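# Architecture and fold: a report
As a plain string of letters, each chain reads:
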Amino acid sequence: MFRLMVTDLVLSLPPSIFAGLFLVFSALVYRALLRYKESSRDTEFGRRHGCQPAKSFLHYDWPFAIDIIKNGFGAAREKKLVSFITKCLENMHSTLEICLLGGRGYVTIEPKNIEALLSTQFEDFHFGARSWGMHAMIGDGIFTQDGKEWKHSRDILRRRFVHMQYQNLKGFHEHVEDLISRLKAAAPGEVDLQEQFYRLTINTTIAMILGQSVESFKGETGLLFSAAFDEASRVTGTRVRLGDLYYIYRPRGFFKACKTIREYTYDFVAEILSKNSKGDTETENGSFIQDLYDDKPDIGLVRDQVLNILIAGRDTTAAAMSYAFLLLLRHPATFEILRSEIDQVVGNKSAITRTDIQSMPYLQNVLKETLRLYPSAPINSRFCRQTTTLPLGGGPDGQSPLLVPKGLPVAYSVYHMQRREDIYGPDALSFRPERWDEEKLADIGWAYLPFNGGPRVCLGKDFALMLASYGIVRVIQEFPKMKLVSREDTPEAATDRHNLAITMSSADGCKVILG
Ligand code: HEM
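Basis of the calculations
Residues numbered from 1 in each chain as written. Predicted model: local features only at pLDDT ≥ 70, side-chain atom pairs only at ≥ 80, totals over all residues. UniProt positions renumbered as here; feature names shortened; annotations may be inferred. Helix = DSSP H or I, 4+ residues; strand = E, 2+ residues; numbered from the N terminus. Near = placed C-beta within 6 Å. Nonpolar A, V, L, I, M, F, W, Y, C, P; charged D, E, K, R; others polar. Pairing = 2+ DSSP bridges. Contact = placed C-beta atoms within 7 Å. Axes fitted to C-alpha atoms, helices over the stretch in contact; angles between N-to-C directions. pLDDT = per-residue confidence, 0-100. Parallel < 35°, antiparallel > 145°, perpendicular 65-115°, else oblique. Left-handed = near helix turned anticlockwise from the far one by under 90°. Expected span 1.5 Å × (residues − 1). Buried ≥ 20, exposed ≤ 12 C-beta atoms within 10 Å, placed from the backbone.

## Some details on the UniProt feature "binding site: heme" (unreviewed entry) in the chain
Taking the UniProt record as the reference, the feature "binding site: heme" (unreviewed entry) is found at Cys458. Positionally, Cys458 belongs in the loop between helix H18 (421–424) and helix H19 (461–478).

## Considerations on the site of the ligand
Around the ligand, the structure places 23 residues, and the nearest of them are Ala312, Gly313, Thr316, Cys458 and Gly460. Looking at the shell around the ligand, the elements with two or more residues in it are helix H13 (299–330) and H19. A per-element tally of the shell around the ligand places H13 first, with 6 residues. Grouping the amino acids of the shell around the ligand by side-chain chemistry returns 13 nonpolar, 8 polar and 2 charged.

## Details of the sheet that holds strand S9 (residues 409–413)
If you trace the 6 strands from one edge of the open sheet to the other, you get S1-S2-S3-S9-S6-S4, paired in mixed fashion. Looking at which strands have only one partner, the edges of the open sheet turn out to be strand S1 (56–57) and strand S4 (125–126). Across 5 bridges, the pairing between strand S6 (residues 379–384) and S9 is antiparallel. Looking across to S9, one finds that Ser381 is bridged to Ala411.

## Some points on the sheet that holds strand S13 (residues 511–513)
With respect to topology, 3 strands assemble into an open sheet ordered S5-S13-S10, the strand pairing being antiparallel. Sheet topology places strand S5 (190–192) and strand S10 (483–484) at the edges, where each strand pairs with a single neighbour. Bridge count for S10 against S13 is 2 bridges, and the pairing is antiparallel. Looking at S13, one finds that Lys483 is bridged to Ile513. Relative to the sheet, helix H9 (residues 193–210) contacts S5 and S13, its axis offset from that of S5 by approximately 50°.

## Some points on the confidence of the model for the chain
Looking at the chain, the pLDDT average stands at 87 and 87% of residues meet or exceed 70. Below pLDDT 50 for its whole length, residues 1–12 participates in 0 contacts with residues either more than four positions away or in separate chains. With pTM at 0.89, the complex prediction returns an ipTM value of 0.99.

## Digging into the packing of H13 against helix H16 (residues 361–373)
Across the interface, H13 lies against H16 with an axial gap of 9 Å and an inter-helix angle of 100°. The pairing of H13 with H16 is recorded here as roughly perpendicular in orientation. Judged by residue contacts, Ala320, Tyr323, Ala324, Leu327 and Leu328 of H13 engage Val366, Leu367, Thr370 and Leu371 from H16. Here the contact of H13 with H16 is built from residues that sort into 8 nonpolar, 1 polar and no charged.

## Examining the packing of H9 against H13
The interhelical angle for the contact between H9 and H13, taken along N-to-C directions, is 145°, at an axis separation of 8 Å. Judged by the twist between their axes, the crossing of H9 over H13 is right-handed. Within the contact between the two elements, H9 uses Leu193, Gln194, Phe197, Tyr198, Thr201, Ile202, Thr205 and Ile209 and H13 uses Val306, Ile309, Leu310, Gly313, Arg314, Thr317, Ala318, Met321, Ser322 and Phe325. Taken together, the residues that form the contact of H9 with H13 break down as 11 nonpolar, 6 polar and 1 charged.

## Observations regarding H9
With 18 residues, H9 extends 25 Å from end C-alpha to end C-alpha; this agrees with the ideal 26 Å at 1.5 Å per step. Counted residue by residue, H9 has 16 buried out of 18 residues, so it is predominantly covered.

## Some points on unusual backbone geometry
In the segment running from Ala187 into Pro188, the intervening peptide bond is cis, with an omega of 5°. Summarising the element assignment, Pro188 is placed in the loop between helix H8 (170–186) and S5. The phi dihedral of Ala65 falls on the positive side, at around 60°, and the residue is not glycine. Among the secondary structure elements, Ala65 is positioned in the loop between S1 and helix H3 (66–77). Phi at Asn452 is positive, roughly 70°, even though this residue is not glycine. Looking at the secondary structure, you find Asn452 in the loop between H18 and H19. Since 17 C-beta atoms lie within 10 Å of it, Asn452 is described here as partly exposed.

## Concerning the pairing of strand S7 (residues 388–394)
Burial of S7 is extensive: 6 of the 7 residues sit out of reach of the surface. One ladder, built from 4 bridges, connects S7 with strand S8 (residues 400–404); its direction is antiparallel. Pairing of Leu390 across the sheet is with Leu402, part of S8.

Next comes the structure, spelled out in structure tokens:
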């Protein structure tokens, strides 16, 4: 009876609908066949490369791992997402398979696998969905591009960065002294250093890229721009974490914030280009923008590239400086060693040079150790471009390769890798800058990676380390007696709450009494 009804229905359909249904059905069958063919090709590929199934799997109790998603969102609300992820990774092998909402992927904290992702098998992986979530804020630029477009952007920008590397640090002076004046105005009271460092890094990064004094950013424009930038970065961080579901998160105010920063940046770029064309540029740094424009004469594209560098440069360096102070002030003996190194090398001198910084090995160790415990980009990911393997993580001992089919995401956590006791020793969680003088860390290689490695290694590493060093030296010279507002006994306690967006920062800031 049912069969007859269906036959009647089909025969009563106009021929065009019938043809349409037939096409859809054929397409579905074709896709299923293709998937089947691909997966048998992948299995064959895995067999040839000695791949074994993953040793560890993310444990969940509810179907589709909904409990993990729910608890993860809860932890993020309480600023405890990093600790939540730490718990999930506990007692696991260094590479594990996860399956969330039916989507499979790997998470790794294994140096060899991370080296494969970022360097030795660079061509097998790309950014994938990560870039889509960033697009509304920063458009197309070095941070969102892949393949040929990325390579082109990188070549152009690298030339500018290499050039900057040989500059003395005079460009930082004005902005660091502005910071010191703001702190002096607040002394001897309480101040959140983290907020102040954000202001310092946005000013210096803008000055470096736009090549003119930041006068135009001072006052209301600068504040509006910074507030919009904060809001847009915060939302963009969550959109990036949502992968290809990024578009479902669109809180009120987000698109307005994106519009504000995009319009302001467009105007700044246009103004500089117009000044350049009249021969009116204040410093030779104006050529940063000019280089980009000469390469592709489209102000919108130059604007996007500028925003890409801003997002890469602002939060990362400010967070590193804040965590450095949090750690130093919880370890007064370490603070004292650094203070006395500063005293010996530069005394009260305020114009710090590159040579001064290079003569302070303890300061370099402090920054290295800070970025080990709190890497600014703690968790990152890549998507597989073509079916490949990861060197480790498969088989009963986790020593066999793993098959990575095309399209699969692989997340890597530098944060957790840099805290591994089997690599850094039983005191891996302690802040101990001296460890960097020990021989066993001399060949640390891919197990220390705050600036990434391989072809996409951070372009601003030298800039960031010089600025952070300069800022730390000046703040300690001026306020050698500063104290944390709430001094916890355990070094980790107060920094345990983090904002995890694209970068990580202390959710409670770095509140100090300047003394
Ligand atoms: C402590 C400070 C910093 C840290 C820890 C840091 C870390 C990183 C990391 C981990 C990446 C790789 C991201 C990825 O491929 O997924 C990266 C890329 C990048 N960084 Fe930094 N960064 C810092 C400061 C800066 C600064 C100050 C600038 C510029 C002013 C900058 C410019 C860039 C650029 C342009 C890229 C993209 C490189 C590419 O994809 O080819 N960074 N950074």
